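Single-letter residue listing:
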Amino acid sequence: MPSAQNPYIFILALLLYTCAVLFLAFFFISHKKPTWVYGLLGKGIVTPKETDSFTPQFRSSLYSSGAIIAIRFNLDTGIIKAINKTGRDLLGIKETANSGHNKFLHKQFLSDESREGLSKELNLHKRVKNYPATCSVNDSLIKTLITAEKYENGDVEAMIIDITKHFNIYQQIEDQNIFLQNILNALPVPVFVRNTNEQSPFTNKAFNDTFGDADNDPFEIYDFHAATDFIKQTLKEPEYTRPRQANTSIFQTEFSTTINDEFRHFEVQRRSLKKRNGQIFGLVGVATDITHRKQIEQDLRDTTRRYKNLFWNAAEGIATIQSDGRLTAVNPALATMFGYNSPKQLLELVPNTEVIWRNPEQRLEYLQMIHEKKTVIGYDFEFVRKNGTTGWMTISSNGKFDAHGNLKSIESIVSDITQKKQSEIELKRCATIDSTTEISNRNALEGYLNSLLGTKTNSAFAVVFIDLNNFKPINDNHGHHTGDKVLKIIAQRLVANCRKVDFTARLGGDEFIVILNGVDSKNILSKITKGLLDAIEKPIILAGTTHTISASAGISQYPEDGNTITDLLKAADASMYEMKRLSKASKINEQLQLLANS
């Protein structure tokens, strides 16, 4: 230890000691890279040697690629050591003289879940291929596939491919498939889709319950599954296959088979599926069980006695109609369908079948089919009952012609399908009506906006986005049943305060959309919107309890704020949130003012 009496020697020794400490610190940081050093100095520090390029094999194939992100980072520290230009541009990393990214960590763009999963796989297998991950680029989440390899020093070289667009397209296709499958399952009759590879990508529940798995070997015997023969459309069609109408791709097929030891008849209507260029890529069909009808038709051909027995006891209506429209024979079932007490009363009060058909055009079309094909199977028409009410029937007829080809009479079997038609109408209604509020739903809204945007006039209209501010406490404190009643009352108020030319829909939850047609003045839009908000804020009394709801609204105008559904809804939504922000700021200022004056 130098003597304190010689200050120059002491200062020199202190300088040498300090230089030695700094050299050792630099050596450890540059070469050893101990974990505890990072803990002391911070994980964002990177020395020039830590920005080494990728391995030659990786760099030669990926580093200069503009289509993907090529990156090298340390799995333990998270520090990015090298990244290609595409990656720097996407992640906002500015290049410097040394590395340009020595303070950017992989956790700043990889989500926590993706980072943890990737680390686990690399630690286990040292290499991953097409690992799905979520990254944050420019404040947006993107879906990616990562192929990476980990080295002994903890470094990882990886390429990242953006699959967001493909993922979204796949998700949309999957959603559409689910939507289509739900519609098919709601139908009471078997429905199937068949492609050129003899596969059935779609079959509904009724089909599976009746026939089982459409792609099982036993179903090769069913003619209606022969998609290839249908698509080829040979010049000579089999007798059981005939076009419903000339120059159409709709075919009607009948076949018989044994299901669960029961011999059954089916009628299948098939329509070819075509691409935009006209190329046929499959078919869609509906199979109807016509076993009962076939049995009646066969019995009618057997004997007169069997015919009379079936005629008077059949559940379907049976009638003989002359060429001039006169009814000469009807059974009790038909009389009951039309609301008459007996066949005799029907024959006395209905001189001609013209009064039964509600639409003359349908009757003319039906008669034309009889003259052209001599037989009509499953023709649906709207009829009029004795009391004036209407319903739907399906009729199957066989025309009787003389030697000269003149129509003499028509033997017909009819069934009342009013309930089925009503179910179809209800199904269509449910697809466009919100069950809670009984106003239009999101599907109807999109259809309506598509029709507005598709018109040639391109008249101006506005989209008003309305969001309820304090609706959740009603559900929490009084239950969803009360909340649904409140939503329904608010929907009724919105409809009542709109014009007939306007359109109101529930977007979902506590959000509503009002389309104001023919309004382009901002003053008028503001006035109408204020009226809607005032109507919402009126007290609602349910079971002795008063509920007060407020709302915020945003407005977008066509075409100023966009010319697509997405742009218009997004602009209206942004406007609504801006209104909420201003309202909140205004309330805060009022409270601050009150505090200042107190």
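Because the structure is a prediction, the values reported are computed rather than measured.

Undergrad: In this structure, what is going on with the overall build of the protein? I would like to understand it.
TA: If you tally the helices and strands in the protein, you get 19 helices and 22 strands. Relative to its full complement of 598 residues, the protein shows a buried share of 39%. Within the protein, counting contacts between residues at least 6 apart in sequence, those at least 24 apart form 47% of the total. Counting only carbon and sulfur atoms, one obtains 54% of the accessible surface of the protein, whose full area is about 35,500 Å².

Undergrad: Please explain the sheet that holds strand 4 (residues 140-150) as it appears in this structure.
TA: Pairing is antiparallel in the open sheet, where five strands are placed in the order 2-1-5-4-3. The open sheet terminates on both sides in strands that have one partner only, identified here as strand 2 (80-83) and strand 3 (127-137). Between one strand and the next, the sheet's axes are offset by a mean angle of 30°, whatever the strand orientation. Here three bridges tie strand 1 (residues 69-74) to strand 2, and the two strands are oriented antiparallel to one another. Counted as the bridge partner of Phe73 is Ile80 from strand 2. In the packing of helix 5 (residues 112-125) onto the sheet, the strands contacted are strand 1, strand 3, strand 4 and strand 5 (155-162), and the crossing angle to strand 3 comes to about 160°.

Undergrad: I tried to follow the packing of helix 17 (residues 480-496) against helix 18 (residues 522-537) on my own but got confused; where do I start?
TA: When two helices pack together, their arrangement is given by the angle between the helix axes and by the axis-to-axis distance. At a closest axis distance of 9 Å, the pairing of helix 17 and helix 18 adopts a crossing angle of 145°. Read as a crossing pair, helix 17 and helix 18 show a hand that is right-handed. Every residue of helix 18 that contacts helix 17 at Ile490, Arg493 and Leu494 is listed here: Leu532, Ala535 and Ile536. By residue class, the composition of the contact of helix 17 with helix 18 is five nonpolar, no polar and one charged.

Undergrad: I'm lost on the pattern of salt bridges in this one. Help?
TA: Close approach of charged atoms allows side chains of opposite charge to pair. The tally for this structure, following the rule as stated, stands at 24 salt bridges. Where Glu446 meets Arg442, a salt bridge forms, and the shortest distance between an N and an O atom there is 3.6 Å. Here Arg442 and Glu446 lie together in helix 15 (residues 442-454), a separation of four residues that amounts to about one turn. Using a relative accessible area of 32% as the deciding quantity, one classes Glu446 as partly exposed. Residue Arg499 pairs with Asp502 through a salt bridge whose shortest N-O separation is 2.7 Å. Of the residues examined, Arg499 reaches a relative accessible area of 38% and is grouped as partly exposed. Judged by its relative accessible area of 12%, Asp502 falls in the buried class. Through salt bridges that share partners, Arg72, Lys81, Asp155 and Glu157 make up one connected network.

Undergrad: Before we go on, may I ask you to explain the sheet that holds strand 13 (residues 327-330) in this structure?
TA: The strands that make up a sheet are held in pairs by hydrogen bonds between backbone atoms, and each pair lies either parallel or antiparallel. Read from one edge of the open sheet, five strands run 13-12-16-15-14, paired in antiparallel fashion. Each having just a single partner strand, strand 13 and strand 14 (375-384) make up the two edges of the open sheet. Averaged over all pairs of adjacent strands, the angle between strand axes in this sheet comes to 25°, irrespective of strand direction. Here strand 15 (residues 390-401) pairs with strand 16 (residues 407-416) via nine bridges, running antiparallel. By the bridge assignment for strand 16, Lys400 is matched with Ser409.

Undergrad: Honestly, the nonpolar core in this entry has me stumped. Any pointers?
TA: Ile466, Leu468, Val486, Ile490, Phe512, Ile536 and Ile549 are the most contacted members of the largest nonpolar core, which totals 26 residues. Among the elements of the structure, strand 17 (461-468), helix 17, strand 19 (511-517), helix 18, strand 20 (540-542) and strand 22 (551-558) are those that each provide at least two residues to this core. It is helix 17 that provides the largest number of residues to this core, a total of five residues. Listed in part, the 25 residues of the second largest apolar core include Ala319, Phe338, Phe383 and Met393.

Undergrad: Mind showing me how you'd approach the packing of aromatic side chains here?
TA: Aromatic ring pairs: the centre-centre distance and the angle between the two ring planes describe each pair. This structure, assessed with the given rule, holds 10 aromatic pairs. Ring centres 4.9 Å apart and planes at 55° place the aromatic pair Phe211 and Phe266 in the tilted group. Of this pair, Phe211 sits in helix 7 (residues 205-211) while Phe266 sits in strand 10 (residues 262-274); the two residues are 55 residues apart in sequence, bridging distant segments of the chain. Summarising the burial analysis for this pair, Phe211 and Phe266 share the class buried. Here the aromatic rings of Phe461 and Tyr558 are separated by 5.0 Å at their centres, their planes lie at 15°, and the arrangement is stacked. Placement of the pair is Phe461 in strand 17 and Tyr558 in strand 22, with a sequence separation of 97 residues.

Undergrad: Just checking my understanding: could you explain the pairing of strand 14 for this structure?
TA: Along any regular strand the residues' side chains alternate between the sheet's two faces. The sheet contact formed by strand 14 and strand 15 spans eight bridges and is antiparallel. Looking at strand 15, one finds that Asp380 is bridged to Thr394. Taking the residues that link successive antiparallel strands as the turn, the strand 14-strand 15 hairpin has five residues, and the phi of Gly388 there is positive, at about 95°.

Undergrad: Even after reading the chapter, I still don't get unusual backbone geometry, so can you show me in this structure?
TA: A negative phi angle is the norm for most residues apart from glycine, just as the trans form is the norm for most peptide bonds. Following Tyr558, the chain continues into Pro559 via a peptide bond in cis, with omega recorded as 5°. Here Pro559 is to be found in the loop between strand 22 and helix 19 (565-597). With a phi close to 65°, Asp261 is a non-glycine residue in the positive phi region. Its place among the elements puts Asp261 in the loop between strand 9 (250-259) and strand 10. For Asp261, a relative accessible area of 79% puts it in the exposed group. Unusually for a residue other than glycine, Ala543 sits at a positive phi of about 55°. Here Ala543 shows up in the loop between strand 20 and strand 21 (545-547). When its relative accessible area of 88% is taken as the criterion, Ala543 is described as exposed.

Undergrad: Mind showing me how you'd approach the confidence of the model for the protein here?
TA: Caution applies to low-pLDDT regions: their predicted coordinates should not be interpreted in detail. Confidence in the prediction of the protein, expressed as mean pLDDT, is 78, and 77% of residues score 70 or more. Least confident of the elements in the protein is helix 2 (residues 35-41), whose mean pLDDT is 34; most confident is strand 19, at 93. Within the model, pLDDT remains below 50 along residues 28-53, and this stretch shows 36 contacts once partners closer than five positions in the same chain are excluded. A low-confidence stretch, residues 59-67 stays under pLDDT 50, and its non-local contacts, those more than four residues away or across chains, total 16 contacts.

Undergrad: Sorry, what's going on with the pairing of strand 4 here?
TA: Inspection of the sheet shows strand 3 paired to strand 4 by nine bridges, in the antiparallel sense. Within strand 4, the position partnered with Val137 by the bridge is Ser140. As consecutive antiparallel partners, strand 3 and strand 4 are separated by two residues, and within that stretch Asn138 has a phi angle of approximately 55°, a positive value.

Undergrad: How do you make sense of helix 15 when you look at a structure like this?
TA: Residue pairs spaced three or four apart in an α-helix point in one direction, given the helix's 3.6 residues per turn. Over its 13 residues, helix 15 runs 18 Å from end to end, which matches the ideal 18 Å to within 8%, given 1.5 Å per residue. Ala444, Leu445, Leu449, Leu452 and Leu453 are the residues of helix 15 that are buried. For helix 15, the buried positions fall inside an angular range of 165° around the axis, keeping them on one side. With a side-chain oxygen positioned 3.2 Å from the backbone nitrogen of Asn443, the residue opening helix 15 is Asn441.

Criteria and thresholds
Residues numbered from 1 in each chain as written. Predicted model: local features only at pLDDT ≥ 70, side-chain atom pairs only at ≥ 80, totals over all residues. Heavy atoms only, no water. Helix = DSSP H or I, 4+ residues; strand = E, 2+ residues; numbered from the N terminus. Buried < 20%, exposed > 50% of the residue type's maximum accessible area, 1.4 Å probe, protein only. Contact = heavy atoms within 4.5 Å. Areas by Shrake-Rupley, 256 points an atom, 1.4 Å probe, with all protein chains shown as cover. Pairing = 2+ DSSP bridges. Axes fitted to C-alpha atoms, helices over the stretch in contact; angles between N-to-C directions. Left-handed = near helix turned anticlockwise from the far one by under 90°. Nonpolar A, V, L, I, M, F, W, Y, C, P; charged D, E, K, R; others polar. Salt bridge = Lys/Arg side-chain N within 4 Å of Asp/Glu carboxyl O. Core = buried A, V, L, I, M, F, W, Y, C linked by side-chain atoms within 4.5 Å. Phe/Tyr/Trp six-rings, centres within 6.5 Å; stacked < 30°, edge-to-face > 60°. pLDDT = per-residue confidence, 0-100. Expected span 1.5 Å × (residues − 1). Arc of directions from axis to C-beta. Polar contact = N/O pair within 3.5 Å; in protein donor to acceptor, adjacent residues only side chain to side chain.

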